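Descriptive analysis of the structure
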Amino acid sequence: MQKKLVLPAAALLSIFTAEAQKQPNIIVILMDDMGYGDIGTQGAIGYETPNLDKMGNEGMRFTRFYSVQAVSGASRAGLLTGCYPNRIGFSGAPGPDAVTGINENESTMAEVLKQKGYACAAYGKWHLGHHTKFLPTHNGFDEYYGIPYSNDMWPHHPTGTYPDLPLYEGDKVIAYNPDQSQFTTNFTERAIQFIDKNKKRPFFIYLAHPMPHVPLFVSDKFKGKSKQGLYGDVMMEIDWSVGQILQKLRKEGLDENTLVVVTSDNGPWINYGNHAGSTGGLREGKGTSFEGGQRVPCLMQWKGTIPAGSVCNKLAVNIDLLPTFAHISGAAMPSHKTDGVNLFSLLKGDTKSTPRTSFLYYYRRNSLEAVSDGEFKLIFPHPTRTYEGFAPGNDGMPGRVDENKMLEEKILIDLRRDPGERYNVLSQYPEAAGRLEQMANEAREDLGDDLQKKEGKNRRAIGTL
């Protein structure tokens, strides 16, 4: 009779550790309100972003990457759950008076990766609800250090009234109205410490910088360093932060086993003038379903897996990150319906692959404002924010915007030739318009549409107290 091989505990632990390290580490670095044109390789003027530029040269730059909504809270809810935020009942940018947040039945990236033994940390801005049950440490993260909503939701807001801004450690408030000039440095240092603690096991870091969202603050390291004033200084410090993370990975020999993603939650808040970023020529900005509101920078680096110096022009959305991470980690996807697609074939450089063939531009709770197949975009009549026709503000004061301009006509945009969305080609491409109209009808059946007062079949509830 053959004897059964029994390995000692130490050997089993060694095998487990080796297997665990085959799983790639994952780092998402999310900026707040960073525009499509705010990186050096995409046209930034008056300051340099050498670390971001190098990341693009050593990894992949996505030219058609979108935030799922053009507003902070909803965009982050979508990113972390892989769902259109209106599918999970999430909308807008919840503030200190909100009584809702992420539903406990939703699965975040952290909860998905925890299945495979990942250590998970969130640093910086959360914005999925500030009550205890909605915080990161109650939604899959082992560590959290940061602010629960936007950094302008504090007593020093230039036009609004807000209570003191809390700084959290875990689910406890440790300070109010902290020194924001130290945010970028402190959150970066926490991420590096987490790498140190977990470099022998798979880890996931969600580093969500509160800036370059207003109000802008910068440490003495970068104060006055740019030719574009405070905004340029802040971007230089954010670039430094990315460089610190990448340098740490190289030092620890982890760069070949770590996927790093850098992107933004939405486009720039352009009525803040010299304290806002650049859309790189795209139309409108944050809070709109035009390209300037939702097309955002995205860089990905994974040495040895992502071809160096590659450019991806395929349609991709921040909700696609969760299924991509599930695939590369071997984790199971949530049992409920999600909306993201796996982008791994694109990361491997497969130029013939087209994992995403449609995108729905939702806003204002559940208003379907536009749809796209990646080549054409059909925009429906809807009330929209517009910055056009108003002088922007300066030095932290906002300029005027019209929050309810009515877009009266249906517009078809050829995104291949007109990313600035200036020309209506509806009459020239009736077949494309018909195809997109059918896409919109299917979306309305699935998720509903407030503009048409149509109820969807597959919407879930937001979390409540």
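Residues numbered from 1 in each chain as written. Predicted model: local features only at pLDDT ≥ 70, side-chain atom pairs only at ≥ 80, totals over all residues. Heavy atoms only, no water.

Time to look at the overall build of the protein chain. Along the protein chain, the regular secondary structure elements total 10 helices and 21 strands. Taking 465 residues into account, the globule formula puts the C-alpha radius of gyration at 23 Å, and the protein chain, at 22 Å, falls close to it. The C-alpha extent of the protein chain, read off along each of the three principal axes, is 80 × 55 × 45 Å. Within the protein chain, the fraction of its 465 residues that count as buried is 59%. Residue pairs at least 24 apart in sequence account for 70% of intrachain contacts in the protein chain once pairs closer than 6 positions are excluded. Surface exposure of the protein chain reaches about 18500 Å², of which carbon and sulfur atoms provide 50%. Side-chain charges in the protein chain split into 51 positive and 53 negative, and the spacing between the mean points of these groups amounts to 6 Å. (Helix = DSSP H or I, 4+ residues; strand = E, 2+ residues; numbered from the N terminus. Rg over C-alpha atoms; globule rule 2.2 N^0.38 Å. Buried < 20%, exposed > 50% of the residue type's maximum accessible area, 1.4 Å probe, protein only. Contact = heavy atoms within 4.5 Å. Areas by Shrake-Rupley, 256 points an atom, 1.4 Å probe, with all protein chains shown as cover. Lys, Arg positive; Asp, Glu negative; His and termini not counted. Charge placed at Lys NZ, Arg CZ, Asp CG, Glu CD.)

What follows concerns the sheet that holds strand β14 (residues 367–372). The strand order across the open sheet built from 4 strands is β13-β14-β15-β18, with neighbouring strands paired in antiparallel fashion. The open sheet has two free edges, formed respectively by β13 (359–363) and β18 (411–414), since each of these has just one partner strand. Taking each pair of neighbouring strands and ignoring which way they run, the sheet shows an average axis angle of 20 degrees. Sheet analysis places β13 next to β14, joined by 5 bridges and oriented antiparallel. (Pairing = 2+ DSSP bridges. Axes fitted to C-alpha atoms, helices over the stretch in contact; angles between N-to-C directions.)

A few words now on the nonpolar core. Formed by 51 residues in total, the largest nonpolar core has its most connected members in I27, I29, Y123, F203, I205 and L249. Element by element, the count of residues in this core is highest for helix α6 (residues 230–251), at 10 residues. What Y123 contacts, discounting residues up to four positions off in sequence, is E143, Y145, F187, R190, A191, F194, I205, Y206, L207 and A208. (Core = buried A, V, L, I, M, F, W, Y, C linked by side-chain atoms within 4.5 Å.)

Moving on: the pattern of salt bridges. Tallied over the full model, the rule gives 32 salt bridges. Across the pair D446 and R87 runs a salt bridge whose closest N-O atoms are separated by 2.6 Å. Highlighted residues: D446 in helix α10 (residues 430–447) and R87 in the loop between α3 (72–81) and β3 (100–101), separated in sequence by 359 residues. According to the relative accessible area criterion, D446 is buried, its value standing at 17%. E237 is the salt-bridge partner of K221, the closest N and O atoms lying 3.4 Å from each other. Placement of K221 in the loop between β8 (203–208) and α6 and of E237 in helix α6 is noted, with a sequence separation of 16 residues between them. A relative accessible area of 39% places K221 in the partly exposed class. A relative accessible area of 1% means that E237 is categorised as buried. (Salt bridge = Lys/Arg side-chain N within 4 Å of Asp/Glu carboxyl O.)

Counting buried positions over the 6 residues of β14 gives 6, a clear majority of the element. Connecting the antiparallel pair β13 and β14 is a turn made up of 3 residues, with R364 showing a positive phi of about 45 degrees. As paired strands, β14 and strand β15 (residues 376–379) are joined by 3 bridges and run antiparallel to one another. Following the sheet pairing, V371 is matched in β15 by L378.

Turning our attention to the confidence of the model for the protein chain. For the protein chain, the average pLDDT comes to 95, and 95% of its residues sit at 70 or higher. Predicted confidence is poor over residues 1–7, with pLDDT under 50, and the contacts of this stretch with residues over four places away or in other chains come to 2 contacts. (pLDDT = per-residue confidence, 0-100.)

Attention now moves to the environment of T263. For T263, the location among the structural elements is in strand β9 (residues 258–264). Judged by its relative accessible area of 0%, T263 is buried. Expressed as a C-alpha distance, the spacing of T263 and C298, which sit 35 residues apart in the sequence, is 4.5 Å. Among all residues touching T263, those that are not within four sequence positions of it are I29, L30, M31, M34, F65, V296, P297 and C298. Only 2.8 Å separates the side chain of T263 from the backbone oxygen of P297, close enough to count as a polar contact. (Polar contact = N/O pair within 3.5 Å; in protein donor to acceptor, adjacent residues only side chain to side chain.)

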